[in-house]
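# Descriptive analysis of the structure
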Amino acid sequence: VIASAAVAAGVTYALTGVAPVSASSGVPLTTTLHPTLATLVPQGFVGAIESTPVYDFYGLTLFLGEGGFGGPIGPDGACIIAVSTTDVPAIESFDGSSWSIDGPVYSGCSAGAFPATIEIPLRADVPPALRARFSGNRAIQFVLDGDRIGVFVDGG
């Protein structure tokens, strides 16, 4: 009986003494983005939904889309898409059947309880204003939370 109790206590300690994997990166929130009217995104551009809320951040434009590059996500999901603001076409000149983009496109969709999230390495291909503002940092993360987007910056 004593041996069983000792083994049980050891197993319990081993299971509770190991720290669980952290649910977040531990990077503090840098800022929160709210929809803006500074940039308008045409419906259908890189999958933009009708009347999408738009968020501007140091040369990046973020908006909601029907799906990421993996296709539609279903009725309860959400996707955020980020492109360089200079790549967003004017609504009046947008042709939904044919368009191109010069820079990278970043997208991330929600899945189950996980929110739509985008991670962007701060390399030479990001907009110059973003690179200048976060010089010396390694990456930036955008997390959709309702009608706002949380911004997290990995300082390296």
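A brief report on the enclosed structure follows. (Residues numbered from 1 in each chain as written. Predicted model: local features only at pLDDT ≥ 70, side-chain atom pairs only at ≥ 80, totals over all residues. Heavy atoms only, no water.)

### Details of the state of the cysteines
The cut-off we apply is this: A pair of cysteine sulfur atoms is labelled a disulfide when the two atoms are within 2.5 Å. Only DSSP runs of H or I reaching four residues or more are called helices, and only runs of E reaching two or more are called strands; each is numbered from the N terminus. Relative accessibility decides the category of a residue: with a 1.4 Å probe and only protein chains considered, values under 20% of the type maximum give buried, values over 50% give exposed, and everything between is partly exposed.
Per the stated rule, a full pass over the model turns up one disulfide. Note on cysteine connectivity: C79 is disulfide-linked to C109, with sulfurs 1.9 Å apart. Judged by the sign of its S-S torsion, about 100°, the bond between C79 and C109 is right-handed. Of the two residues, C79 sits in strand 6 (residues 79-84) while C109 sits in strand 7 (residues 106-109), which places them 30 residues apart along the sequence. Judged by its relative accessible area of 27%, C109 falls in the partly exposed class.

### Here we look at the environment of S25
For S25, the position within the fold is in the loop between helix 1 (2-17) and strand 1 (29-33). In the structure, S25 is positioned 129 residues away from D154 in sequence and 9.1 Å away in space, judged by C-alpha atoms.

### Some words on the nonpolar core
Here is a general trend for soluble globular proteins: nonpolar side chains tend to be buried in one another's company. Filter applied, for reference: In this text, buried Ala, Val, Leu, Ile, Met, Phe, Trp, Tyr and Cys residues form a nonpolar core when linked through side-chain atoms within 4.5 Å. Note on definitions: a residue-residue contact is assigned when non-hydrogen atoms from the two residues lie within 4.5 Å.
Counting residues in hydrophobic clusters, the biggest one holds 22 residues, and the most contacted among them are F57, L62, I120, I140 and F142. Those elements giving two or more residues to this core turn out to be strand 2 (54-57), strand 3 (60-65), strand 6, strand 8 (117-121), strand 9 (139-145) and strand 10 (148-154). In this view, I120 contacts L60, A82, Y106, V126, A139, I140 and F142; residues no more than four positions away in its chain are not counted. Counting 10 residues, the second largest nonpolar core, distinct from the first, contains V41, A48, V54 and F63.

### Focus: the sheet that holds strand 2
Threshold: In short, DSSP must find at least two bridges between two strands for them to pair. Between the N-to-C directions of two axes lies an angle of 0 to 180 degrees, each axis being a line fitted to C-alpha atoms and, for a helix, fitted only over the stretch in contact.
With antiparallel pairing, the four strands of this open sheet are ordered in space as 2-3-6-7. Every interior strand has two partners, whereas the edge strands, strand 2 and strand 7, have only one. Recorded for the sheet is a direction-independent mean angle of 20° between the axes of neighbouring strands. One ladder, built from four bridges, connects strand 2 with strand 3; its direction is antiparallel. Counterpart to V54 in the pairing with strand 3 is F63.

### Brief notes about the packing of aromatic side chains
Quick reminder of the rule: The rule is short: rings of Phe, Tyr and Trp, with Trp giving its six-membered ring, pair when the centres are within 6.5 Å, and they are stacked under 30 degrees, edge-to-face over 60, tilted in between. Criterion for a charge above a ring: Lys NZ or Arg CZ within 6 Å of the ring centre, and within 35 degrees of the ring normal.
For the coordinates displayed, the defined rule picks out six aromatic pairs. With a centroid separation of 5.7 Å and 85° between ring planes, the pair formed by F57 and F142 is classed as edge-to-face. Here F142 lies in strand 9 and F57 lies in strand 2, a separation of 85 residues in the sequence. For the residue pair F57 and F142, the accessibility class agrees, reading buried in each case. These aromatic residues form a ring-pair network of at least three members: F57, Y58, F134 and F142. Here R133 stacks its cationic end above the ring of F134, 4.5 Å away from the centre of that ring.

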